[in-house]
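# Coordinate inspection notes
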Amino acid sequence: MRLSRYFLPVLKETPSEAQIVSHRLMLRAGMIRQQAAGIYSWLPLGFRVLKRIEQIVHEEQQRAGHIPLLMPTLQPADLWRESGRYDDYGEEMLRITDRHKRDMLYGPTNEEMITDIFRSYVKSYKDLPLTLYHIQWKFRDEIRPRFGVMRGREFYMKDGYNFDLTKEDALHAYNRHLVSYLRTYERMGLQAIPMRADSGPIGGDDTHEFLVLADTGESEVFYDSKVTDIRLGNREIDYDSHDQCREVMEEFTSLYARTDETHDEAAFDAIPDERRRSARGIEVGQIFYFGTKYSEPMGATVVNDQGERVPVHMGSHGIGVSRLLGAIIEASHDDKGIIWPEGVTPFPVGIVNLKQGDAEADAACENLYKAFMAKGLEPLYDDRNERAGGKFATMDLIGLPWRITVGPRGLKNGVVELTSRRTGVSEELAPDVAVERVAEIYANL
Ligand code: ATP
Ligand code: MG
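Residues numbered from 1 in each chain as written. Chains lettered and ligands numbered in written order. Predicted model: local features only at pLDDT ≥ 70, side-chain atom pairs only at ≥ 80, totals over all residues. Heavy atoms only, no water.

What sets the pattern is the α-helix's 3.6 residues per turn: residues three or four places apart point alike. Over its 16 residues, helix H11 (residues 359-374) runs 23 Å from end to end, which matches the ideal 22 Å to within 8%, given 1.5 Å per residue. Within the sequence span of H11, burial applies to Ala361, Ala364, Cys365, Leu368, Tyr369 and Phe372. Along the long axis of H11, the arc covered by the buried residues comes to 140°, so they all point the same way. Exposed and oriented more than 90 degrees from the buried face of H11 are Ala359, Glu360, Lys370 and Ala374. Elements that come into contact with the buried residues of H11 comprise strand E19 (350-353), strand E20 (380-382), strand E21 (402-406), helix H13 (408-412), strand E22 (416-420) and helix H14 (431-443). (Helix = DSSP H or I, 4+ residues; strand = E, 2+ residues; numbered from the N terminus. Expected span 1.5 Å × (residues − 1). Buried < 20%, exposed > 50% of the residue type's maximum accessible area, 1.4 Å probe, protein only. Arc of directions from axis to C-beta. Contact = heavy atoms within 4.5 Å.)

Next up on the list: the pairing of E22. The element E22 is largely enclosed, with a buried count of four among its five residues. Here E21 pairs with E22 via four bridges, running antiparallel. Across the sheet, the residue bridging to threonine 405 is glutamate 417, located in E22. Direction of pairing for E22 relative to strand E23 (residues 426-429): antiparallel, over a ladder of four bridges. Following the sheet pairing, valine 416 is matched in E23 by leucine 429. What sits between E22 and E23 in their antiparallel hairpin is a turn of five residues, with glycine 424 showing a positive phi close to 75°. (Pairing = 2+ DSSP bridges.)

Moving on to the site of ligand 1. Arg140, Glu142, Arg151, Gly152 and Glu283 are the nearest of the 14 residues found near ligand 1. Within the side chain of glutamate 142, an N or O atom sits 2.8 Å from a nitrogen atom of ligand 1. Here ligand 1 loses 84% of its free accessible area of 580 Å² to cover by the protein chains. Secondary structure elements with two or more residues in the shell around ligand 1: strand E8 (154-164) and strand E13 (276-291). Here the shell around ligand 1 takes four residues from E13, the largest share from any one element. Among the residues making up the shell around ligand 1, the classes are represented as five nonpolar, four polar and five charged. (Near = heavy atom within 4 Å. Polar contact = N/O pair within 3.5 Å; in protein donor to acceptor, adjacent residues only side chain to side chain. Areas by Shrake-Rupley, 256 points an atom, 1.4 Å probe, with all protein chains shown as cover. Nonpolar A, V, L, I, M, F, W, Y, C, P; charged D, E, K, R; others polar.)

Let us now look at the pattern of salt bridges. Inspection of the entire model under this criterion finds 29 salt bridges. Linking arginine 153 and aspartate 141 is a salt bridge whose minimum nitrogen-to-oxygen distance equals 2.9 Å. Taken together, the residues arginine 153 in the loop between strand E7 (130-139) and E8 and aspartate 141 in the loop between E7 and E8 connect sequence positions 12 residues apart. For arginine 153, a relative accessible area of 18% translates into the label buried. One salt bridge in this structure joins aspartate 396 and arginine 421, with 3.9 Å as the shortest N-O distance. Here aspartate 396, found in helix H12 (residues 388-398), pairs with arginine 421, found in the loop between E22 and E23; they are 25 residues apart in sequence, far enough to count as distant. Because the salt bridges share partners, they merge into one network encompassing Glu59, Glu60, Arg63, Arg183 and Arg187. (Salt bridge = Lys/Arg side-chain N within 4 Å of Asp/Glu carboxyl O.)

A cluster of acidic residues, Asp198, Glu220, Asp260 and Glu261, forms a negative patch on the protein surface. You can see glutamate 261 is positioned in the loop between strand E12 (257-259) and helix H8 (265-269). Under the relative-accessibility criterion, glutamate 261 is labelled partly exposed at 48%. (Patch = residues over 30% accessible without salt bridge, like charges linked within 9 Å, V, L, I, M, F, W, Y side chains within 5 Å. Lys, Arg positive; Asp, Glu negative; His and termini not counted. Charge placed at Lys NZ, Arg CZ, Asp CG, Glu CD.)

Every protein donor of the magnesium ion (ligand 2) is listed here as Glu283 (OE) and Gln286 (OE1), and their distances to the metal cover 1.9 to 2.1 Å. Of the residues examined, glutamate 283 reaches a relative accessible area of 24% and is grouped as partly exposed. (Donors = N, O, S within 2.8 Å, 3.2 Å for Na, K, Ca; no water.)

A few words on the sheet that holds E19. Ordered by their spatial adjacency, five strands build an open sheet running E20-E19-E21-E22-E23, and the pairing between neighbours is mixed. The open sheet terminates on both sides in strands that have one partner only, identified here as E20 and E23. The mean inter-strand angle of the sheet, taken between neighbouring strand axes irrespective of direction, is 20°. When E19 meets E21, the two strands line up parallel, connected through four bridges. Bridged to valine 352 within E21 is threonine 405. (Axes fitted to C-alpha atoms, helices over the stretch in contact; angles between N-to-C directions.)

Attention shifts here to the packing of aromatic side chains. Per the stated rule, a full pass over the model turns up 13 aromatic pairs. Ring geometry for phenylalanine 222 and phenylalanine 268: centres 5.5 Å apart, planes at 80°, overall edge-to-face. In this pair, phenylalanine 222 is assigned in strand E11 (residues 219-224) and phenylalanine 268 in helix H8, connecting sequence segments 46 residues apart. With 5.7 Å between their ring centres and 45° between their planes, tyrosine 256 and phenylalanine 268 make a pair best called tilted. Placement of tyrosine 256 in the loop between helix H7 (242-253) and E12 and of phenylalanine 268 in helix H8 is noted, with a sequence separation of 12 residues between them. Judged by its relative accessible area of 8%, phenylalanine 268 is buried. Among the aromatic residues, those joined into a cluster by ring pairs are Trp42, Trp137 and Tyr156. Across from the ring centre of tyrosine 86, 4.6 Å away, lies the NZ or CZ of arginine 81, which sits over that ring. (Phe/Tyr/Trp six-rings, centres within 6.5 Å; stacked < 30°, edge-to-face > 60°. Lys NZ or Arg CZ within 6 Å of the ring centre and 35° of its normal.)

If you want it as structure tokens, here you go:
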């Protein structure tokens, strides 16, 4: 993408309405525009990151064997009357009446609808286990939308639902989701710690939230600092193996880590002094096992191998796709702007031409551009007639992890400069070597 032809409305001033750094930076970098309280347009740069995050979520869900579909945003109220949640959900639910006076709602979540789909088609235990998920806009009429996309009213969420014959199988689905979520967040360059939580209006016994530690987080959390040393890394996991998934779940959840709702002073005090932490965190996901809470009232049953009709065991599992942009920026920025982890960056590399219009510099940039495209990496090329300082400031603000600077002086010596946004360290390299270096980093993600 050539910046001269792109739509990147960066702001010079710091927007006064934004209270936290991720919100400020997303506005300044031209990623989002507020259209109403808690409702945003995704401008091209923000949209690219949203799609990157969505892509990682899809890949990791499908790696775990979960099947994508797409349910609508608007739902009939009658489904929610069956589960009893139409009255229970309260003012967060946006209720709509259509022209025929039918009660509708903008879905805040999809347990009822997925249960309806399941009961309409699946009749036998032989069709289990089954996990269906979608990534779709949700609406919750939050009393205090704030912090930009972090607490919106309209927001983008992955929600998945498992259907199993037995509690044992459903707990495997729970563990499998936990593992797939850990991998998802690590690919985004994030550490999200599973913490025992409270189930709220979804209902259920077993639930963990995934929290990114950040001072601006809305949740109060308590944990043993040893949990922050654990990583999933590149280990091979067989998602069908109950034992392997359980072992990972136990490894990540046996140390004390809880949100304030489930916090237990006595257990917390038992942690050695130097490892006892209380902090703030951003909730970027949650998994639930809730048994037959929806399948029983809504008649989602299968015939088991004894010929008996039994309600299925279910769980639901959510990732805050749009909230993740804010969480990643909270965890990864400096005073100049965003620092995107390679896994989610809108463009893998930026090219800065120090002397636009200089035949040699222009040609070198064009060649770099082509070389990156040939490797499947689309650079953002700043080809505007601007001063170098302005170009650097824009690149630093929008946070691409790698920048290649091209100028007549370097080209005389046959080199360009490759700079890491994270460390600020620059290296002079022949253009083809610089391309190789960057390509290698992305190939190894
Ligand atoms: P919260 O406690 O932050 O209100 P929740 O527990 O009600 O969230 P869930 O039903 O668990 O939310 O939804 C799954 C995920 O969707 C959450 O972990 C969070 O990352 C994201 N999410 C929830 N509400 C919002 C919102 N208003 N704006 C953006 N993302 C949200
Ligand atoms: Mg939650």
